[in-house]
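Each chain is listed here by its residues.
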Amino acid sequence: MKRLFFGAITACACLITACTKENFLDKTATTDLDEQSVFSDSARSMDFLSNIYANVDFSFSLSRFGGAAGLDAGSDEAEGPLSTTVTTYNQFASGGVTAFSIATDAWNNSYTQIRAVNQYLKHLAVIPFPDHLKSRTKGEAIFLRAWYYALMLKHYGGVPVIGDTVYAETDKINTVRNTYEECVNYITEQCDLAASLLSASYAGLDYGRATKGAALALKAKVLLYAASPLFNGGAETDDAALKAIISYPTYDVNRWKLAADAAKAVIDLGAYSLNIDNDTKPGYGFYNLFQKRVNSEYIFARMEPDNKDLENLWRPPSRGGSSTQGSFPYQNLVDAFEMKNGLSITDPASGYNADDPYTNRDPRLDFTVTHNLSMIYVAYDQLRPVYTYDGEPNGDGFGAGTPTGYYGNKMCNDNVIPNYFFNVSQRCYPMIRYADILLMYAEAMNEYAGPSQEVYDAVEAIRQRAGLDPYQLKQGMNKDEMRTAIQHERQVELAFEESRFWDVRRWKIADQTDNQTMYGMRVQKDANGNYSYSKETVRKRSFRAAMYLWPIPQSEVAKSSDLLQNPGY
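Residues numbered from 1 in each chain as written. Predicted model: local features only at pLDDT ≥ 70, side-chain atom pairs only at ≥ 80, totals over all residues. Heavy atoms only, no water.

## Some points on the overall build of the chain
Then, in step 1: In terms of regular secondary structure, the chain is built from 18 helices and twelve strands.
Then, in step 2: Computed over the C-alpha atoms, the radius of gyration of the chain is 23 Å, within 12% of the 25 Å expected from 2.2 N^0.38 for a compact globule of 569 residues.
Then, in step 3: Along the longest, intermediate and shortest principal axes, the C-alpha atoms of the chain span 75 × 55 × 50 Å.
Then, in step 4: Within the chain, the fraction of its 569 residues that count as buried is 59%.
Then, in step 5: Positive and negative side-chain charges of the chain, numbering 55 and 68 respectively, have mean locations separated by a distance of 3 Å. (Helix = DSSP H or I, 4+ residues; strand = E, 2+ residues; numbered from the N terminus. Rg over C-alpha atoms; globule rule 2.2 N^0.38 Å. Buried < 20%, exposed > 50% of the residue type's maximum accessible area, 1.4 Å probe, protein only. Lys, Arg positive; Asp, Glu negative; His and termini not counted. Charge placed at Lys NZ, Arg CZ, Asp CG, Glu CD.)

## Things to note about the nonpolar core
Nonpolar side chains in soluble globular proteins generally cluster together in the buried interior.
Then, in step 1: Among the nonpolar cores identified, the biggest contains 163 residues, and Tyr120, Phe143, Trp147, Tyr149, Ile437 and Trp550 are the most heavily contacted of them.
Then, in step 2: Non-local contacts of isoleucine 437, meaning those with residues more than four positions away in its chain, are made with Ala217, Ala263, Val266, Ile267, Ile299 and Ile432. (Core = buried A, V, L, I, M, F, W, Y, C linked by side-chain atoms within 4.5 Å. Contact = heavy atoms within 4.5 Å.)

## Details of the packing of aromatic side chains
Then, in step 1: Using the criterion set out here, one finds 28 aromatic pairs in the structure.
Then, in step 2: Ring centres 6.4 Å apart and planes at 40° place the aromatic pair phenylalanine 65 and tryptophan 550 in the tilted group. Taken as a pair, phenylalanine 65 in the loop between α2 (42-53) and β3 (78-79) and tryptophan 550 in the loop between β12 (531-540) and α18 (554-557) lie far apart in primary sequence, 485 residues in all.
Then, in step 3: Looking at tryptophan 550, the relative accessible area reads 0%, which means it is buried. (Phe/Tyr/Trp six-rings, centres within 6.5 Å; stacked < 30°, edge-to-face > 60°.)

## Some details on the pattern of salt bridges
Then, in step 1: One pass over the structure, following the stated rule, counts 41 salt bridges.
Then, in step 2: Across the salt bridge formed by glutamate 140 and arginine 136, the nearest N and O atoms sit 2.8 Å from each other. Here glutamate 140 and its partner arginine 136 are both found in helix α5 (residues 131-156), four residues apart, which amounts to about one turn of the helix. For the pair glutamate 140 and arginine 136, a shared accessibility class is recorded, and that class is buried.
Then, in step 3: When the shortest N-O distance is used, the salt bridge between glutamate 447 and arginine 483 registers 2.7 Å. Highlighted residues: glutamate 447 in helix α13 (residues 434-449) and arginine 483 in helix α15 (residues 479-493), separated in sequence by 36 residues.
Then, in step 4: By relative accessible area, which is 28% here, arginine 483 ends up partly exposed.
Then, in step 5: A cluster of three or more residues bridged by salt bridges with shared partners is formed by Glu297, Glu338, Asp362, Arg364, Lys410, Arg433, Arg463, Arg465, Glu489, Glu493 and Glu497. (Salt bridge = Lys/Arg side-chain N within 4 Å of Asp/Glu carboxyl O.)

## Examining unusual backbone geometry
Then, in step 1: That bond from aspartate 469 to proline 470 is cis: its omega, 5°, falls within 30 degrees of zero.
Then, in step 2: Here proline 470 lies in the loop between α14 (453-466) and α15.
Then, in step 3: Phi is positive for phenylalanine 496, close to 60°, though the residue is something other than glycine.
Then, in step 4: Here phenylalanine 496 is to be found in the loop between α15 and α16 (500-506).
Then, in step 5: Residue phenylalanine 496 is classed as buried on the basis of its relative accessible area of 1%.

## Regarding α15
Then, in step 1: Under the 1.5 Å per step criterion, the end-to-end length of α15 is 21 Å for 15 residues, consistent within 8% with the ideal 21 Å.
Then, in step 2: Buried within α15 are the following residues: Met482, Ala485, Ile486, Gln487, His488, Glu489, Arg490, Gln491, Val492 and Glu493.
Then, in step 3: The inward-facing, buried residues of α15 abut α10 (284-289), α12 (331-336), β10 (429-433), α13, α14 and α16.
Then, in step 4: At the N-terminal end of α15, a side-chain oxygen is found 3.1 Å from the backbone nitrogen of aspartate 480, two or three residues along, and the residue is asparagine 478. (Expected span 1.5 Å × (residues − 1). Polar contact = N/O pair within 3.5 Å; in protein donor to acceptor, adjacent residues only side chain to side chain.)

## With respect to the packing of helix α7 (residues 212-227) against helix α9 (residues 254-268)
Then, in step 1: Following both chains from N to C, one finds α7 and α9 inclined at 160°, their axes separated by 8 Å at the closest point. Taken together, the axes of α7 and α9 lie roughly antiparallel to each other. Pair α7 / α9 crosses with left-handed handedness. Seen from α7, the contacting residues are Gly213, Leu216, Ala217, Ala220, Leu223, Leu224, Ala226 and Ala227; seen from α9, they are Arg255, Trp256, Leu258, Ala259, Ala262, Ala263, Ala265 and Val266. (Axes fitted to C-alpha atoms, helices over the stretch in contact; angles between N-to-C directions. Parallel < 35°, antiparallel > 145°, perpendicular 65-115°, else oblique. Left-handed = near helix turned anticlockwise from the far one by under 90°.)

## With respect to the confidence of the model for the chain
Then, in step 1: Chain-level pLDDT for the chain is 92 on average; 94% of the residues reach the 70-or-more range.
Then, in step 2: Across residues 1-22, where pLDDT falls below 50, the model places 77 contacts with residues more than four positions away in sequence or in other chains. (pLDDT = per-residue confidence, 0-100.)

## A closer look at the packing of α13 against α15
Then, in step 1: Axis separation between α13 and α15 bottoms out at 10 Å; the angle between their running directions is 165°. In terms of orientation, α13 lies roughly antiparallel with respect to α15. Helix-helix and strand crossings are classified by hand; for α13 and α15 the assignment is left-handed. Residues Ala435, Asp436, Leu439, Met440, Ala442, Glu443, Asn446, Glu447 and Tyr448 of α13 form the contact with α15, whose participating residues are Lys479, Met482, Arg483, Ile486, Glu489, Arg490 and Glu493.

## A word on helix α6 (residues 180-197)
Then, in step 1: The end-to-end C-alpha distance of α6, which contains 18 residues, comes to 26 Å, matching closely the 26 Å that a straight helix rising 1.5 Å per residue would cover.
Then, in step 2: Within the span of α6, buried status applies to Tyr180, Cys183, Val184, Tyr186, Ile187, Thr188, Gln190, Cys191, Ala194 and Ala195.
Then, in step 3: For α6, the elements touching its buried residues are α5, α7 and α8 (240-246).

## So, the environment of alanine 466
Then, in step 1: Inspection of the secondary structure puts alanine 466 in helix α14.
Then, in step 2: It is 30 Å that separates the C-alpha atoms of alanine 466 and glycine 204, two residues lying 262 residues apart in sequence.

## Focus on the environment of asparagine 118
Then, in step 1: By secondary structure assignment, the location of asparagine 118 is in helix α4 (residues 105-123).
Then, in step 2: For asparagine 118 and isoleucine 245, which are 127 residues apart along the polypeptide, the C-alpha to C-alpha distance reads 24 Å.
Then, in step 3: Non-local contacts of asparagine 118, meaning those with residues more than four positions away in its chain, are made with Arg145, Ile162, Gly163, Asp164, Thr165 and Val166.

## Let's talk about the pairing of strand β8 (residues 382-385)
Then, in step 1: Pairing of strand β7 (residues 375-379) with β8, which is carried by four bridges, proceeds in the antiparallel orientation. Pairing of tyrosine 377 across the sheet is with leucine 383, part of β8.
Then, in step 2: A loop of two residues connects β7 with β8, the two strands running antiparallel in sequence. (Pairing = 2+ DSSP bridges.)

## Some remarks on the side chain of arginine 541
Then, in step 1: With respect to the secondary-structure elements, arginine 541 resides in the loop between β12 and α18.
Then, in step 2: It is aspartate 514 that comes nearest to the buried, bridge-free arginine 541 among opposite-charge side chains, at 4.8 Å.
Then, in step 3: Engagement of the side chain of arginine 541 in a polar contact is seen with the side chain of tyrosine 330, the distance being 3.2 Å.
Then, in step 4: The contact partners of arginine 541, leaving out residues within four places of it in the chain, are Ala73, Gly74, Ser75, Ala78, Phe92, Ala93, Tyr330, Asp514, Asn515, Gln516 and Met518.

## Concerning the side chain of aspartate 436
Then, in step 1: For aspartate 436, the location among the structural elements is in helix α13.
Then, in step 2: With residues near it in sequence (within four places) discarded, aspartate 436 still touches Lys221, Arg490 and Leu494.

If you want it as structure tokens, here you go:
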């Protein structure tokens, strides 16, 4: 057996010391300390725990991979920036995913942080905390351990579960992957234990720490994935042992009921609600929730100090953004947004006008995508349209600043200008929010028992908040029709929130969504100032069945013959 492959051996060596200005993960500094120095001091122990939170968003990150693109560019949401090197996002776009070149962060980051949790729990008894703080931080640590295992589970399927063990560098370790069922059971048990130790909410400097609701929401998400077609008996391999590692061996409809009950437990807490404001303008509550560090919809979020990170990443060049980084929405995503009247743009009764394609659309479109004639500040008090037509002189046009004719706008602040020093956003990154829980509940209930009134109510609440008018779904839908409606709502509501990449996999439809031609929008301007719009091919994406799961990095598989690789790699 080879040496430890679960990440860094000395998690104490990079200890984050939190600033107390904004939140427990605000400005940080590093220092070198040994375990005794850390865990004999209450402040250092708390900093050690805070450090484990620091990577909760690595999979979500919109600049996760080379070229500052994330999983959005690995799906049918967006095109990543041109790259001359092999990156994980362009491997998924081209179908060229291999165990030798895949990003290793899901494996390394997760096991590094799991080991840190185990170190913390090992020393908790001697940390000079009062009993109530020991209990609360134990719950936080257990939640974080479950969080990192859940991240690996959706990347790889079953992984080795190491329990409370803290391996030393010279120890022999178990590299046998636990079954998918064993992993689900372990994570959900950990979530239940964490929930029993955590409070419903925290305020002040502790806002953003894991809560009871976060633990129950993570449990619901894990159970939803477990009930989904990819994992609910859906693994495609003739190897029975490997099939049990990457999915349940057989389908069971009752797994949907478990997922629905878990989501309902979060709803029944009464601690969360949709952020609604259709008075300022339609859908404004959807926009505004992402501009607030504290809001009623975030169940678990990655805390950030005031920043303009997304504006720097996504704004057009004329607004101080980058044309060489970030992800650029596809026309395929833009077309998924309905008209404001709730009808698809392909419906003859919708009122869609191909010569004026962005007028009277679902308000979430403008809050998600920057397109030709989008209004964005060019200076502190100068609101001007963005132009993406051919020959546009500021470098914002199709093929110049953007390969698709679009720029990202999700979570961006209308008033933040990248090159203006004083503008910042209080934006934090939503790991799980209440709208997701409502859609999870609707999906699980529909799959278990069909489109009941509870299913309609959950989906329509999101559509109403979005500013659709009318927001109601067609009555009398069957299970298949409601499934399509829910999948559509997840696509547009949760765009660029690390949802689409995983959703199309767990639904086992990625061989359709990620195996097609992706388009952009070319805009031309005539001598009279009129615009014409035409779809333009950007890329033919390729997908193969192996890509439903990530390969375990070859550098890890090579260390032990017991560590089985996923099918197709």
